[in-house]
Amino acid sequence: MKLTNQLVLFAVLFSTPMGFSQTNFWQPTSGPYGGGTRTLAIAPNGAIFASVFRSTDGGLNWNMTTVPVSPSTIAIDDSGQIWIGTVGLVSTNGLYRSIDDGETWLPLPNGLQNAWIRSIAFNSHGHVFVGTESSGMFRSTNRGIGWDSINNALVMNASMVG
């Protein structure tokens, strides 16, 4: 009896439209073309940021932004400000922010300008958290004006980096 119930359940799952078919689940967009997309974020106004590209119409059209470097991470805070972190050339490493929907970008040179930024996050208190390649974690309680290292309980292990 138990085997019969299992077979009926199996038959129902694989014979219904619900099944495991994902036909037309993903739909292609018209880009972005011209480079890889390492990071993706959606602004409160619906704009989509994919690496150095921006779409304001749900991915139908893409335009290159004025980001001065290729971002390794993108995050958008509650106020709609766009933050990017970079890795690569020492002269352009660090954290950048746009307050005008990605039209212009300003570097935040307060202690993180030579860091390889891997992640950016925000909490409900408006604090900004940044994870770096080899310098650990940092927190700003004043929107990036100053940064505090918060590595007290983090263990840096060379076998974990990479």
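Coordinates for the structure precede this section.
Along every chain, residues carry numbers that run from 1 in the direction the sequence is written. For a predicted model such as this one, the threshold for reporting local features is a pLDDT of at least 70, and the threshold for listing and counting side-chain atom pairs is 80 or more; totals across whole chains, interfaces and linings nevertheless cover every residue. Hydrogens are left out, water is left out, and the side-chain values use all remaining heavy atoms of the structure.

Enquirer: Summarise the sheet that holds strand S9 (residues 117-122); cite the residues concerned and give the values.
Expert: The antiparallel open sheet is built from 4 strands, whose spatial order is S9-S10-S11-S12. Strands with a single pairing partner mark the edges of an open sheet, and in this sheet they are S9 and strand S12 (148-149). Sheet analysis places strand S11 (residues 137-140) next to S12, joined by 2 bridges and oriented antiparallel. What sits directly across from Arg139, in S12, is Asp148. Note on pairing: DSSP must find at least two bridges between two strands before they are called paired. A run of H or I in DSSP becomes a helix once it reaches four residues, and a run of E becomes a strand once it reaches two; helices and strands are each numbered from the N terminus.

Enquirer: Talk me through the side chain of Ser140; I want residue IDs and the actual numbers.
Expert: Inspection of the secondary structure assignment puts Ser140 in strand S11. Polar contacts involving the side chain of Ser140 include one to the main-chain amide nitrogen of Arg143, which spans 3.5 Å. Here the side chain of Ser140 touches Gly144 through a polar contact of 2.7 Å, landing on its backbone nitrogen. Should any heavy atoms of two residues lie within 4.5 Å, those residues are counted as being in contact. Not counting residues within four places of it along the chain, the set of residues in contact with Ser140 comprises Gly126, His127, Val128, Ile145, Gly146 and Trp147. Pairing of N or O atoms within 3.5 Å defines a polar contact, subject to two protein rules: one partner must be a possible hydrogen donor and the other a possible acceptor, and residues neighboring in sequence count only if both atoms are side-chain atoms.

Enquirer: Describe the packing of aromatic side chains, with residues and values.
Expert: When the centres of two rings from Phe, Tyr and Trp lie within 6.5 Å, Trp using its six-membered ring, the rings pair. Their planes under 30 degrees apart give stacked, over 60 give edge-to-face, and anything left gives tilted. Throughout the structure, instances matching the rule amount to 1 aromatic pair. With 5.7 Å between their ring centres and 65° between their planes, Trp83 and Phe122 make a pair best called edge-to-face. One end of the pair, Trp83, is in strand S6 (residues 82-86); the other, Phe122, is in strand S9, with 39 residues separating them in the sequence. The side chain of Arg97 reaches across the aromatic face of Trp83, ending 4.9 Å from its centre. Both a distance and an angle decide whether a charge sits over a ring: NZ of Lys or CZ of Arg must be within 6 Å of the ring centre and within 35 degrees of the ring normal.

Enquirer: How would you sum up the pattern of salt bridges? Please name residues and give values.
Expert: When a carboxyl oxygen of Asp or Glu lies within 4 Å of a side-chain nitrogen of Lys or Arg, that pair is called a salt bridge. In this structure the tally under the stated criterion is 3 salt bridges. In this structure, Arg143 and Asp77 form a salt bridge, with 2.2 Å as the shortest nitrogen-oxygen distance. Pair noted here: Arg143 is in the loop between S11 and S12 and Asp77 is in the loop between strand S5 (71-76) and S6, with a separation of 66 residues, a long-range link. Only protein chains enter the accessibility calculation, which uses a 1.4 Å probe. A residue is then buried if its area is under 20% of the maximum for its type, exposed if over 50%, and partly exposed in between. Judged by relative accessible area, Arg143 falls into the partly exposed class, the value being 29%. Judged by relative accessible area, which is 4%, Asp77 ranks as buried. Note that Arg118 and Glu133 form a salt bridge whose closest N and O atoms lie 2.6 Å from each other.

Enquirer: Give a detailed account of the sheet that holds strand S3 (residues 53-55), specifying residues and quantitative values.
Expert: Spatial ordering of the open sheet is given by S1-S2-S3-S4, a layout of 4 strands whose pairing is antiparallel. Each edge of the sheet is formed by a strand with only one pairing partner; in this case those strands are strand S1 (40-42) and strand S4 (63-64). Relative to strand S2 (residues 48-50), S1 runs antiparallel, the two sharing 3 bridges. By the bridge assignment, Leu40 is partnered in S2 with Ala50.

Enquirer: I'd like to hear about the environment of Thr37, residue by residue, with values.
Expert: Tracing the backbone shows Thr37 in the loop between helix H1 (2-15) and S1. Look at Thr37 and you get partly exposed, because its relative accessible area is 44%. In this structure, the C-alpha to C-alpha distance between Thr37 and Val52, residues 15 residues apart in sequence, is 8.1 Å.

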